[in-house]
Amino acid sequence: MIDRILGNKGWIRRFEKAKCTHIETEASDHCILMLDTKPERKRWKRRFMFDKRWLQHRDIEEVIGGAWERQQGGSRMYMVQSKIKKVRMDLLSWSKQKCCNSKSLILKVKQEIKEVKESRGNGYRIKLASLKRKLAEAYKLEETYWSQKARVKWLQERDKNTSYFHAKVVGRRRMNRISVLKNRSGEWCKDEEETCQEIVDYFQQIYTSERPEDFSEILEGIPQTITDEMNRELTRKVTEQEISQAVFSMHPTKSPGPDVLSPKTASPSTIADLRPISLCNVLYKIISKVITNRFKHALNYCISHSQSTFVPGRQILDNVLIAHEWFSSLLKQAVVQGKLTGVRIAEEAPRLSHLSFADDSLIFCKANAMEAGQLRRILEVYREASGQLINIEKSSLFFSRNMMGRHKAGVMRELQGIKQVQQSRYLGLPLVIGRSKKQTFDFIKQKTLDRLKGWKEKLLSQAGKEVLLKSVIMALPIYVMSCCMLPKDVCRKISSEMAKFWWGQKEKEHRIHWLS
């Protein structure tokens, strides 16, 4: 039964915004498929993007220099912002006059070549050679444009990779586009406006402060980790040399966001005055404002045509920088008091109670109801003090092999809804390595297959394929291999898939491998 519409690469490139809708009918239990090749979409406000093609014009230096050298009053930071804004406005105006659209230029030169060939007048060959050189330059500009939009750094230009760059851009657009979204009641949003409102409401809910009050227990075991001398060093004035080094170390076509240059005012934090890790108030507020406003700016840009905006009710820094220090302190206290046992990797080794990385935590304790209850109490204390909620759906339990079923049920009952899983990964490595190593490490092979399927071998030259295989595919197993020995069968399968991609196998079509 066909429940979707299929199209080849050429068709998708031509109708990249095409939308398929399922229309229900009362007369049949089947749905009508409606294909709209030009769906109506509200125009999004575009962000300014520097076009690398502009660098081909010599007078661009005059445009940028004239805008930057214009006199401007105010503080130094205000002057910098004003000059950047003026450069942006002048570049946009200049680019419209120059007509830097390489696609239009290609069509125009092709038409001129056609007319010259048909006329065959005086100087026919000279004119034709000149137009061909002009067409080659236009194609180079088009490749430069799409390579910048594709954000592919490993693949160099000037290798006829325009088709690959274009396919990369189209694929990323389709992956990033939210076409449909379910609301909290489980129903599909009807239009873009409703979808945007649902996104705003979701983030507004999870970043609304619950006004926590009791911090006594959670702050007891937190040591001072940042000294006064470190605070003074971190808050000293930034020199022009440091700014210069930071700016010129960036990628040539990248730039810092607006909040990096000038943090805006953010809502006050509910725990700003405690600073439990001894981060000074000045530095705490600066980092909080930058992180919170960068998140808010990114979200509000995506929903710029919605009627409402996102305003976080608490500092996002509270979730990142301090909350995990609290949680770690509670677990350490429980081990010292004998409420949690932890685990030893050797008889004389210290007990390990937990491992943390970013917002992930791996906790070790005895699998009994008493320690499970202590862990639940720690999670509740942490929730009440930080205002954060525990995501039960993303939490899981592992038991040792000799654990009996009734004991497992008691532990899960104490932890209220956290489910048991048989296999999972933490920081890219399997948590449990069973008897079948082939099955355990099969995810590396699958990751390789997924990458290779996403790349269109017809759009790449042999040199492009070689760089791709060596820089991306061969790097995938390195991290796991630094900790574990991979089965030979997994290595052979990865090598086989690389060979198929190199010699140009397409789906079930087999090609000759000229070298083993």
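Presented here is a report on the structure given in the accompanying data block. Numbers given for residues are sequential positions, taken from 1 along each chain in its written order. Per-residue local features of the predicted model are confined to residues with pLDDT of at least 70, and side-chain atom pairs are confined, for both listing and counting, to 80 or more; whole-chain, interface and lining totals are unaffected and use all residues. Hydrogens and water molecules were not included; the side-chain quantities draw on all heavy atoms of the structure.

**Details of the packing of aromatic side chains**
- In summary, the pairing rule links any two rings of Phe, Tyr or Trp, Trp by its six-membered ring, whose centres are within 6.5 Å, and it sorts them by plane angle into stacked for under 30 degrees, edge-to-face for over 60 and tilted for everything else. As enumerated under the stated definition, the model contains five aromatic pairs in all.
- Measuring from centroid to centroid gives 5.3 Å for F50 and W54, while their planes differ by 80 degrees, and the two rings are edge-to-face.
- Think of it in three bands: with a 1.4 Å probe and only protein chains considered, a residue is buried below 20% of the maximum accessible area for its type, exposed above 50%, and partly exposed in between. Assessed through its relative accessible area of 5%, W54 is described here as buried.
- The interplanar angle of 50 degrees and the centroid separation of 5.2 Å between the aromatic rings of F327 and Y382 together place this pair among those described as tilted. Here F327 is found in helix 13 (residues 316-336), whereas its partner Y382 is found in helix 14 (residues 369-386), with 55 residues between them in sequence.
- Through successive ring pairs, a cluster of aromatic residues spans F50, W54 and W94.
- We call a charge positioned over a ring when the NZ of a Lys or the CZ of an Arg lies within 6 Å of the ring centre and within 35 degrees of the ring normal. The aromatic ring of W68 is capped on one face by K83, whose charged end is 5.8 Å from the ring centroid.
- Between the NZ or CZ atom of K465 and the centre of the ring of F501, over which it lies, the distance is 5.8 Å. Elements are defined by DSSP. Helices are runs of H or I of four residues or more, strands are runs of E of two residues or more, and each kind is numbered from the N terminus.

**Quick notes on the nonpolar core**
- Grouped together as the largest cluster of nonpolar side chains are 19 residues, with contacts concentrated most on F441, I444, W455, I473, V480 and F501.
- When residues of this core are traced back to their parent elements, those giving at least two are helix 17 (442-454), helix 18 (462-471) and helix 20 (488-503).
- At four residues, helix 20 tops the list of elements feeding residues into this core.
- For this analysis, residues touch if any pair of their heavy atoms sits within 4.5 Å. Setting aside residues up to four positions removed in sequence, I473 forms contacts with T448, R451, L452, W455, L468 and M498.
- Throughout, nonpolar core names a set of buried Ala, Val, Leu, Ile, Met, Phe, Trp, Tyr and Cys residues whose side chains join them through atoms within 4.5 Å. If you look at the next biggest cluster of nonpolar residues, it comprises 17 residues, including A334, L340, A372 and M403.

**Here's the deal with helix 20**
- Take the residue count of a helix, subtract one, and multiply by 1.5 Å to get its expected span. When the terminal C-alpha atoms of helix 20 are compared, their 23 Å separation across 16 residues agrees well with the 22 Å that a helix rising 1.5 Å per residue should span.
- Listing the buried residues of helix 20 in full gives V490, I494, E497, M498 and F501. Viewed end-on, helix 20 has its buried residues packed into an arc of 100 degrees, placing them on one side of the element. For helix 20, the exposed residues set more than 90 degrees away from the buried face come down to K488 and R492.
- G504 occupies a position one or two residues after helix 20 and carries a positive phi of about 90 degrees. As used here, the arc belongs to the directions running from the helix axis to the C-beta atoms.

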